[in-house]
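What follows is the residue order along each chain.
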Amino acid sequence: MDEITNSQPIVNDTWMALREFTAARIALGRTGNSIPLQELFDFKLAHAHARDAVFSELDIPGITNSLNQFDNLVFTLHSKATNRAKYLKRPDYGRKLNEASTQYLESIISPQTDITIVIADGLSATAVNQYAVSMLECLMPKLLNASLKLSPFVIVKQGRVAVADEIGYLLRSKLSIILIGERPGLSAPDSMGAYLTFNPQPGLTDESRNCVSNIRPDGLNMQLAADKLFYLICQSLQRKLSGIDLKDNSGLIGE
Amino acid sequence: MAYQHTIKNKVYRFNSLKILLAKATPYRSGDALAGLVADGYEERIAAQITLADVPLKVFLNEAIIPYETDEVTRLIIDDHNTKAFYPISHLTVGEFRDWLLADEADTTTLASLVPGVTPEMAAAVSKLMRNQDLIAVARKCEVVTRFRNTIGLHGHFSTRLQPNHPTDDAKGVAASMIDGLLYGSGDAVIGINPATDNPAAVIQLLNLIDTLRQQFDIPTQSCVLCHLTTTLQIINSNAPVDLTFQSIGGTEQTNASFGINLALVEEAYQATLSLKRGTIGNNVMYFETGQGSSLSANSHHGVDQQTCEARAYAVARKFNPLLVNTVVGFIGPEYLFDGKQIIRAALEDHFCGKLLGLPMGVDVCYTNHADADQDDMDNLLTLLGVAGCNFVMGIPGSDDIMLNYQSTSFHDALYLRKLLGLKPAPEFEQWLIKQGIFDEHGTISHQHNTHKLLNANNDLWTK
């Protein structure tokens, strides 16, 4: 057989210009019926980033150190999920503190507060490592300005959203807020979410919470996220509720 | 009633049919999460051996969720057709498995049994089957449905074009839609998951697809996958609704968590039928299901997730759907942990759906926290193609930028069609050839380089 002459078998699509209108992977071109190698790598790299984010770990010293600027105590706790494998298989474990953590919080004689802020890895510690403190740098001045009383910050390893309700309850807070890594997508492995619960207590579910999601520089930026969250905090404390009832009336948030 | 089996002096006892079904199920994380799995490998096989000896008739007498408290159970029992069941009424679950694989169980015979098979019978027999068995039997089933084209004929394989966009931006959706059509995708449906359930936004998306469809006379149907009550509402305001979509589950409580019940689905079904928009058929419903939905809604009544899933098919078949799609890997690793579990579940769902007479498609998919990747999806897609699956999803580059998960791409469908000699729905295939997108052999042709579709909505592209 002669040397292959067709060393560039890729058929490009003529509608590349449509890429301007969407981030979807359109006009990829093809070789035979398959996607070109360049596109294959592009996809695999994005998936690799997402997978790495799922298994990333909280930078506890780094976060604690940065939190010191707010002149507030920092507690570091652990959920019932002993490791990532357990965390992925048992969402119920990630929603509860382990025994040592519960005992620790129970042993503290805490005065009643307005807000407890929790930081947890969720499904992307990468997101939280990068954005939790920068978002708080936008939010904290607003909270202090409004003379709201804060519990110590709580960092939770292997935590899911609902863990903040137990923590807020044990720390006798009117409101719990959790900053947590969202499930990574191919387009964003580093998206952070913030959830808020009024009158937090163990056993509450999604309909009791409000959520501000997609917090990252290319999504909802830190300042906007802090604005939205602060609006929700004020509304929640004032109306003494959170969840569906709050959401229904929050059409003007951020507008 | 108790069931038992002895292995080497160890007596395995199962206190109810429900427990027996759960313990006989191949391992998956969702059943472990629900605390329903067998204690070990031996107990699982003991349960399977025990289940094999249970007469099919028992399933008509021992409801796994009480008739009195669950309308899905009532639907299953009340709609059971004794005459269709008669030919297999003397068999046990194990004998049923052997018979299904025999040559005499051919396409016509299997079709005639459909009203006599209950979801629990289908689930039970699937638990005794290897992946190979699930594929071999499903391939013999042929479920054909019609609206503006013919879906599910043997030798054909369709795709749902899924041009989602995170903000429902019209240009963004249209760009993905045109990309898909130029790759020959969209004969099952052009179906968008909207970012909001807002009726005005849904109508806008429906008009977008419908305008393009009419302009190019595309023999397919459209759907915006909003809640059924939203569809009902917009039907009343004359929106171009081809199909009504709804997520459904296998227990009354699961459906309640989705905000529906059988009466409401019936109302939507009748309303959609009354629009008479189908040109060659009247299958107007599009349902989505998925193992784990009942557990996720805390509504599983101690029934394993695969049996719950099969029960959802009883709900589906009541309303003669055009498409039923099991969104198998979307729910996450706490229900289906890895590629192996996702593949097994998809083959079970496809088999059970087909045995129950449903036009089954599969969203061959995974999320980024599941231990799965594109290689697993390639395996599953190929297996489903061999098994005669009616349709899969077509998403630009497999990457759904709105729902943040990975599914099958336009390219994947082309791969499968070429590999197995499968064609799109006949009417759609003719359209593709007429448009110069495919040649007569089903190969993408180059004639669309300056294709009209690209100039479709010049107004749309103008910023």
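Residues numbered from 1 in each chain as written. Chains lettered and ligands numbered in written order. Predicted model: local features only at pLDDT ≥ 70, side-chain atom pairs only at ≥ 80, totals over all residues. Heavy atoms only, no water.

Participant: Can you break down the overall build of chain A residue by residue, with the values?
Facilitator: Along chain A, the regular secondary structure elements total nine helices and six strands. In terms of its C-alpha atoms, chain A occupies a principal-axis envelope of roughly 85 × 40 × 35 Å. Restricting to contacts in chain A with at least 6 residues of sequence separation, those with at least 24 account for 68%. Entry remark: accessible area of chain A is about 12,300 Å², with carbon and sulfur atoms responsible for 50%. Each charge class in chain A was averaged separately, 25 positive and 27 negative side chains, and the resulting centres sit 7 Å apart. (Helix = DSSP H or I, 4+ residues; strand = E, 2+ residues; numbered from the N terminus. Contact = heavy atoms within 4.5 Å. Areas by Shrake-Rupley, 256 points an atom, 1.4 Å probe, with all protein chains shown as cover. Lys, Arg positive; Asp, Glu negative; His and termini not counted. Charge placed at Lys NZ, Arg CZ, Asp CG, Glu CD.)

Participant: Requested: an account of the pattern of salt bridges, with residues and values cited.
Facilitator: Throughout the structure, instances matching the rule amount to 26 salt bridges over all chains. Between D227(A) and K142(A) there is a salt bridge; the shortest N-O distance is 2.9 Å. Here the residue D227(A) occupies a position in helix 8 (residues 222–239), and K142(A) occupies one in helix 6 (residues 125–145), the gap between them amounting to 85 residues. The exposure class of K142(A) is partly exposed, given its relative accessible area of 23%. Between R97(B) and D98(B) there is a salt bridge whose closest N-O contact spans 2.8 Å. The partly exposed category is assigned to R97(B), whose relative accessible area is 24%. When salt bridges that share partners are traced, they join R148(B), D210(B), R213(B), D242(B) and R277(B) into one network. (Salt bridge = Lys/Arg side-chain N within 4 Å of Asp/Glu carboxyl O. Buried < 20%, exposed > 50% of the residue type's maximum accessible area, 1.4 Å probe, protein only.)

Participant: Just give me the short version of unusual backbone geometry, but keep the residues and values in it.
Facilitator: Phi is positive for A27(A), which is not a glycine, with a value near 50°. For A27(A), the position within the fold is in the segment before helix 1 (37–54).

Participant: Break down the sheet that holds strand 4 (residues 173–181) of chain A for me, citing the residues and quoting the values.
Facilitator: All names here are of chain A. The six strands lie next to each other as 1-3-2-4-5-6, forming an open sheet whose pairing is mixed. Two strands close off the open sheet at either side, each with one partner strand: strand 1 (74–78) and strand 6 (209–215). With direction set aside, neighbouring strand axes in the sheet form an average angle of 20°. Where strand 5 (residues 192–198) lies against strand 6, five bridges are found, and the strand directions are antiparallel. The residue of strand 6 that forms the bridge with Y195 is C211. (Pairing = 2+ DSSP bridges. Axes fitted to C-alpha atoms, helices over the stretch in contact; angles between N-to-C directions.)

Participant: Account for a nonpolar patch on the surface, naming residues and giving values.
Facilitator: Together, L37(A), L40(A) and F41(A) make up a nonpolar patch on the protein surface, roughly 290 Å² of accessible area in all. If you trace the backbone, F41(A) turns up in helix 1. (Patch = residues over 30% accessible without salt bridge, like charges linked within 9 Å, V, L, I, M, F, W, Y side chains within 5 Å.)

Participant: Explain the environment of M222(A) residue by residue, including any values.
Facilitator: Residue and element names in this part refer to chain A. Tracing the backbone through its elements, the reader meets M222 in helix 8. A relative accessible area of 12% means that M222 is categorised as buried. Residues M222 and Y131 lie 91 residues apart in sequence; the distance between their C-alpha atoms is 7.7 Å. The contact partners of M222, leaving out residues within four places of it in the chain, are Y131, S134, M135, C138, I215, R216 and P217.

Participant: An account of the nonpolar core is requested, with residue identities and associated values reported.
Facilitator: By size, the foremost hydrophobic cluster in this structure holds 154 residues, and its most contacted members are L51(B) and F96(B). The greatest single-element share of this core, amounting to eight residues, is contributed by helix 18 (residues 339–355) of chain B. There are two domains that each give this core at least three residues, and those are domain 1 (3–140) and domain 2 (145–450) of chain B. Listed in part, the 43 residues of the second largest apolar core include I63(A), M140(A), L148(A) and L229(A). (Core = buried A, V, L, I, M, F, W, Y, C linked by side-chain atoms within 4.5 Å. Domains from an automatic or database assignment.)

Participant: Before we move on, could you go through the packing of aromatic side chains and cite the residues and values that matter?
Facilitator: If you walk through the whole model with that rule in mind, you get ten aromatic pairs over all chains. Each ring, one from F96(B) and one from W99(B), has its centre 6.5 Å from the other, and the planes form 10°; the classification is stacked. Taken together, the positions of F96(B) and W99(B), both in helix 7 (residues 93–101) and three residues apart, correspond to about one turn of that helix. Owing to a relative accessible area of 0%, F96(B) belongs among the buried residues under this scheme. Judged by relative accessible area, W99(B) falls into the buried class, the value being 16%. Note on Y269(B) and F319(B): the rings are 5.7 Å apart at their centroids and 70° apart in plane angle, and the pair reads as edge-to-face. In this pair, Y269(B) sits in helix 15 (residues 262–273) while F319(B) sits in the loop between helix 17 (305–317) and strand 10 (323–326), placing the two residues 50 residues apart along the sequence. Each member of the pair, Y269(B) as well as F319(B), is classed as buried. Chaining the aromatic ring pairs together yields one cluster made of W15(A), Y183(B) and F410(B). (Phe/Tyr/Trp six-rings, centres within 6.5 Å; stacked < 30°, edge-to-face > 60°.)

Participant: Any details on the interface of chain A and chain B? Residues and values, ideally.
Facilitator: Taken together, the contacts link 35 residues of chain A with 44 residues of chain B. Buried area between chain A and chain B, both sides added, is near 3,400 Å², and the carbon and sulfur share of it is 61%. In terms of surface lost to chain B, no three residues of chain A exceed F21(A), N33(A) and R183(A), which account for 21% of the buried area on that side. Run the count over chain A and chain B and you get two salt bridges. One salt bridge in this structure joins D371(B) and R51(A), with 3.7 Å as the shortest N-O distance. Between the two partners, chain A and chain B, sit twelve residue pairs in polar contact (both at pLDDT 80 or more). Among the elements of the structure, helix 1, helix 3 (84–89) and helix 4 (91–94) of chain A are those that each provide at least two residues to the side of chain A that touches chain B. (Buried area = accessible area lost by both parts, 1.4 Å probe. Polar contact = N/O pair within 3.5 Å; in protein donor to acceptor, adjacent residues only side chain to side chain.)

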